[in-house]
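# Close look at the chain arrangement
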Amino acid sequence: DQQVKQNSPSLSVQEGRISILNCDYTNSMFDYFLWYKKYPAEGPTFLISISSIKDKNEDGRFTVFLNKSAKHLSLHIVPSQPGDSAVYFCAASGGGYQKVTFGTGTKLQVIP
Amino acid sequence: DAGITQSPRHKVTETGTPVTLRCHQTENHRYMYWYRQDPGHGLRLIHYSYGVKDTDKGEVSDGYSVSRSKTEDFLLTLESATSSQTSVYFCAISAGTGLPNEKLFFGSGTQLSVL
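Residues numbered from 1 in each chain as written. Chains lettered and ligands numbered in written order. Predicted model: local features only at pLDDT ≥ 70, side-chain atom pairs only at ≥ 80, totals over all residues. Heavy atoms only, no water.

## Overview of the overall build of chain B
Helix and strand content of chain B: zero helices and 11 strands. Starting at the N terminus, the α and β elements of chain B follow one another as β-β-β-β-β-β-β-β-β-β-β. Based on the C-alpha atoms only, the size of chain B along its principal axes is roughly 40 × 30 × 25 Å. By the burial criterion, 47% of the 115 residues in chain B qualify as buried. Of the roughly 5,400 Å² of accessible surface on chain B, 48% is carried by carbon and sulfur atoms. Positive and negative side-chain charges in chain B, numbering 11 and 12 respectively, have mean positions lying 2 Å apart. (Helix = DSSP H or I, 4+ residues; strand = E, 2+ residues; numbered from the N terminus. Buried < 20%, exposed > 50% of the residue type's maximum accessible area, 1.4 Å probe, protein only. Areas by Shrake-Rupley, 256 points an atom, 1.4 Å probe, with all protein chains shown as cover. Lys, Arg positive; Asp, Glu negative; His and termini not counted. Charge placed at Lys NZ, Arg CZ, Asp CG, Glu CD.)

## What about the nonpolar core?
All names here are of chain A. Core analysis: the largest hydrophobic core is formed by 23 residues, its most contacted members being Phe-33, Trp-35, Leu-73, Leu-75 and Tyr-88. Of all the elements in the fold, those that place two or more residues in this core are β3 (19–25), β4 (30–38), β5 (45–51), β7 (62–67), β8 (72–77), β9 (86–94) and β11 (106–111). Top contributing element to this core by residue count: β9, with four residues. Here Tyr-88 is in contact with Gln-6, Leu-21, Trp-35, Tyr-36, Lys-37, Leu-47, Leu-75, Ile-77, Gly-105, Thr-106 and Leu-108, once residues within four sequence places are set aside. (Core = buried A, V, L, I, M, F, W, Y, C linked by side-chain atoms within 4.5 Å. Contact = heavy atoms within 4.5 Å.)

## Comments concerning the sheet that holds β8 of chain A
All names here are of chain A. An order of β1-β3-β8-β7-β6 is seen for the five strands of this open sheet, with the pairing classed as antiparallel. With partners counted over all chains shown, the strands left at the sheet margins are β1 (4–5) and β6 (56–59), one partner each. With two bridges joining them, β1 and β3 adopt antiparallel strand pairing. Residue pairing across strands places Val-4 opposite Tyr-25, the latter belonging to β3. (Pairing = 2+ DSSP bridges.)

## A few points about the sheet that holds strand β1 (residues 4–7) of chain B
All names here are of chain B. Strand order in the open sheet formed by four strands is β1-β3-β8-β7, and the pairing between neighbours is antiparallel. Edge positions in the sheet fall to β1 and β7 (64–70), since each of these pairs with one other strand and no more. When the angles between neighbouring strand axes are averaged without regard to direction, this sheet yields 15°. Taken together, the four bridges between β1 and strand β3 (residues 19–25) define a ladder with antiparallel strand orientation. Across the sheet, the residue bridging to Ser-7 is Arg-22, located in β3. (Axes fitted to C-alpha atoms, helices over the stretch in contact; angles between N-to-C directions.)

## Let's talk about a nonpolar patch on the surface
Residue and element names in this part refer to chain A. Nonpolar side chains collect at one region of the surface, where Ile-18, Ile-20 and Val-78 lie side by side and expose about 230 Å² of accessible area between them. Mapped onto the fold, Val-78 is located in the loop between β8 and β9. Val-78 gets classed as partly exposed once you look at its relative accessible area, which sits at 42%. (Patch = residues over 30% accessible without salt bridge, like charges linked within 9 Å, V, L, I, M, F, W, Y side chains within 5 Å. Salt bridge = Lys/Arg side-chain N within 4 Å of Asp/Glu carboxyl O.)

## Structural notes on the pairing of strand β4 (residues 31–38) of chain B
For β4 of chain B, the buried fraction is high: seven of the eight residues fall into the buried class. Taken together, β4 of chain B and the strand that follows it, strand β5 (residues 42–51) of chain B, pair antiparallel across an intervening segment of three residues, in which Gly-40 of chain B is found at a positive phi of about 80°.

## What to know about the interface of chain A and chain B
Of the residues lining the interface, 19 residues belong to chain A; the matching set on chain B comes to 23 residues. Our count for the chain A to chain B interface comes out at zero salt bridges. Scanning the region where chain A abuts chain B turns up two residue pairs in polar contact (both at pLDDT 80 or more). At the level of secondary structure, the elements contributing two or more residues to the side of chain A that touches chain B comprise β4 and β9 of chain A. (Polar contact = N/O pair within 3.5 Å; in protein donor to acceptor, adjacent residues only side chain to side chain.)

Laid out in structure tokens, this is it:
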């Protein structure tokens, strides 16, 4: 039972354009959402997060949007750069647990 | 970068043999985790620890055991390795503040191949 889903395994975007990565969740107990970025042969690193009491959080070129009613969040990268090429994992936590549930990941390729 | 070291970085072993992966941290963080990454499954939690000698199961714990005898070290053991345990294994740590925005810091991973 995949509680956090990233339905697009891969995404290709031209440099300078917007990248939109999507994530859906099923567990209504989740109250915090995070995005991690992973380069090949490295561990994931934290990118940006959002609390369920907000609908938007912005950090430089990265913005995360949360739609609680739809149980959907998205990560926008504007403008996209070749260095953004990586696998992006959506993650969720909540319900009083220290455990974080990850999605399956989306591989982003930014084409120069 | 968080001080997390995983060893070995690569391991090839045969079915039925025991394997131990080590995670060492220098951050004095309370929580430590073992994840595995597989295509189509993302990152899945195997076991985690919330203190010395305090461990609990994750969602894919069958076939794995863990031990934490010191704050800085968290060991993952495959008692009898199977081909289905071929994967990339990541150790992660967190401060254990209990706050929902707590971030995980990951090691660089161990590529394990079971032949």
